Amino acid sequence: MDRFAKYLLTGLIGIVALGQFVQVITRYVLQVPVMGLEETMLYPTLWLYMLGAVNASRENTHIRANVLEIVLKTPRQHTILAIVGEIISLIVGLWLLSWAWEYTRYAWRVWKESPTLYIPTFYSDVALVVGITLMMIYTAWHLWGHVRSLSRGAVQ
């Protein structure tokens, strides 16, 4: 899983960087913009954003501002704080997932196409529901780990 995520995210970053490089060179240096390049860049960019967030969720490396960790002293208190944070993340994430699911159903029903190349936008729209679903799975997994460590008494 780690290797697959590493190569996929690296490939997506490379595609996005190459597309932006081509866009800058053709538009500003050669004065000949490539029509439809922005449309094609939408797909790897959205998937990169969502899969990058999934990767951060998998590694449990999202940016946090846990000010309460300064006040709380024991590892047990830190674990309880982590459990509360994961529960809040699950509640908000599941709420967002319901919105993403409704939007995906709408995108499937309408089946919009990009204006220049007529590429179905559903393939970029579905990244949202896939990404949030995977993030919620990893959040639940981390919550389960915190609850297990607290119930085993491993955290004092």
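The notes below deal with the structure included here. Model, not experiment: these values are computed from the prediction.

Here the focus is the pattern of salt bridges. Inspection of the entire model under this criterion finds four salt bridges. For E59, the salt bridge is made with R58, and the minimal N-O distance between the two is 3.7 Å. Of the residues examined, E59 reaches a relative accessible area of 42% and is grouped as partly exposed. The class of R58 is buried, set by a relative accessible area of 17%. One connected set of salt bridges, linked through shared partners, spans D2, R58 and E59.

What follows concerns the environment of L42. By the element assignment, L42 lies in helix α2 (residues 37–59). Overall, L42 belongs to the partly exposed group, its relative accessible area being 34%. Along the sequence, L42 and D125 sit 83 residues apart, while their C-alpha atoms lie 10.0 Å from each other.

The next point concerns the environment of L150. Examined against the element boundaries, L150 turns out to sit in helix α5 (residues 122–151). Linking L150 and P75, residues 75 residues apart in sequence, is a C-alpha distance of 9.8 Å. Sequence-distant contacts of L150, that is, excluding residues within four places in its chain, are made with R76, T79, I80 and I83.

In this section: unusual backbone geometry. Note: most peptide bonds trans; most residues except glycine with negative phi. Backbone geometry places W111, a non-glycine residue, at a positive phi of 55 degrees. Here W111 lies in the loop between α4 (75–110) and α5. Overall, W111 belongs to the partly exposed group, its relative accessible area being 30%. For Y118, which is not glycine, the phi dihedral falls at a positive 60 degrees. Relative to the assigned elements, Y118 resides in the loop between α4 and α5. In this structure Y118 comes out as exposed when scored by relative accessible area, which is 56%.

As a further point, take the packing of aromatic side chains. Counted under the stated rule, the structure contains seven aromatic pairs. Ring geometry for W108 versus F122: centroids 5.1 Å apart, planes at 70 degrees, classification edge-to-face. With W108 in helix α4 and F122 in helix α5, this pair connects stretches of sequence that are 14 residues apart. Since its relative accessible area comes to 56%, W108 is described here as exposed. K6 extends its terminal NZ or CZ atom over the ring of Y7, reaching a point 5.3 Å from the ring centre.

A grouping of I80, V84, I87, I88, I91, V92, W95, L96 and W99 is seen on the molecular surface, where their side chains present a nonpolar patch of about 850 Å² in accessible area. Residue position: I80 is located in helix α4.

What counts and how
Residues numbered from 1 in each chain as written. Predicted model: local features only at pLDDT ≥ 70, side-chain atom pairs only at ≥ 80, totals over all residues. Heavy atoms only, no water. Salt bridge = Lys/Arg side-chain N within 4 Å of Asp/Glu carboxyl O. Buried < 20%, exposed > 50% of the residue type's maximum accessible area, 1.4 Å probe, protein only. Helix = DSSP H or I, 4+ residues; strand = E, 2+ residues; numbered from the N terminus. Contact = heavy atoms within 4.5 Å. Phe/Tyr/Trp six-rings, centres within 6.5 Å; stacked < 30°, edge-to-face > 60°. Lys NZ or Arg CZ within 6 Å of the ring centre and 35° of its normal. Patch = residues over 30% accessible without salt bridge, like charges linked within 9 Å, V, L, I, M, F, W, Y side chains within 5 Å. Areas by Shrake-Rupley, 256 points an atom, 1.4 Å probe, with all protein chains shown as cover.

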